[in-house]
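Close look at the chain arrangement
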Amino acid sequence: MNSGTPPAPEERASASGLLRAVALYVEARGRLLQIEGQEAGTRLSNLTGMFMLALTSFIIGWMLAVPALVWIIAESNGWHWTRVALVGAGIHLFLGLLFLAGLKSRLRGLRLFEETFNQFRRDREWLASNRNN
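What counts and what doesn't
- Residues numbered from 1 in each chain as written.
- Predicted model: local features only at pLDDT ≥ 70, side-chain atom pairs only at ≥ 80, totals over all residues.
- Heavy atoms only, no water.
- Salt bridge = Lys/Arg side-chain N within 4 Å of Asp/Glu carboxyl O.
- Helix = DSSP H or I, 4+ residues; strand = E, 2+ residues; numbered from the N terminus.
- Buried < 20%, exposed > 50% of the residue type's maximum accessible area, 1.4 Å probe, protein only.
- Contact = heavy atoms within 4.5 Å.
- Phe/Tyr/Trp six-rings, centres within 6.5 Å; stacked < 30°, edge-to-face > 60°.
- Lys NZ or Arg CZ within 6 Å of the ring centre and 35° of its normal.

1. Some details on the pattern of salt bridges
Inspection of every chain in the model, using the stated rule, returns 4 salt bridges. In this structure, aspartate 123 engages arginine 29 in a salt bridge whose closest nitrogen and oxygen atoms are separated by 2.8 Å. Here arginine 29 lies in helix H1 (residues 9-77) and aspartate 123 lies in helix H3 (residues 114-132), a separation of 94 residues in the sequence. Across the pair, arginine 29 and aspartate 123 agree in class, each one buried. A salt bridge links glutamate 125 to arginine 121, with the shortest nitrogen-to-oxygen separation between them at 3.2 Å. Of this pair, glutamate 125 and arginine 121 both sit in helix H3, 4 residues apart, which is roughly one turn of that helix.

Have a look at this one:
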């Protein structure tokens, strides 16, 4: 085709159709990303809220119960209260490490934007198969 001649109507129609298809594709991917972003935000805020409530409950319960438990155990066994307090602290630290390990495994298993990444993978596979043809 000569650069001075205008494109044929069929060429203009196919080019505008291609641009329209690309725009619709980008819009669909954007909507999917928006939906998954909202879902990820909801999941993360629920996890954060549950974590904060659990942590607050544990701290308040711990602060109320530990001094009384230390006194009861020390009095019943004839031990000094510092010995009981150190053993209790060790148990709490061990449990805290277990809870952190559990949280780490849950965060590792958390999948965000999973469908978006699957769609991008399918698109790459489709493009690769079309290049080979």
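2. Quick look at the side chain of glutamine 119
Tracing the backbone shows glutamine 119 in helix H3. Apart from residues lying up to four places away in sequence, glutamine 119 is in contact with Arg29 and Leu32.

3. Regarding the packing of aromatic side chains
This structure, assessed with the given rule, holds 1 aromatic pair. Between phenylalanine 58 and phenylalanine 99, the ring centres sit 5.9 Å apart and the planes meet at 20°, which makes this aromatic pair stacked. Residue phenylalanine 58 is found in helix H1, and its partner phenylalanine 99 is found in helix H2 (residues 81-109); the two are separated by 41 residues along the sequence. Each of the two residues, phenylalanine 58 as well as phenylalanine 99, counts as exposed. Stacked on the ring of tryptophan 79, the Lys or Arg arginine 83 has its end atom at 4.9 Å from the ring centre.

4. Side note on the environment of phenylalanine 51
Along the chain, the position of phenylalanine 51 falls in helix H1. Overall, phenylalanine 51 belongs to the partly exposed group, its relative accessible area being 39%. Taking the C-alpha atoms as reference points, phenylalanine 51 and leucine 103, separated by 52 residues in sequence, lie 9.4 Å from one another.

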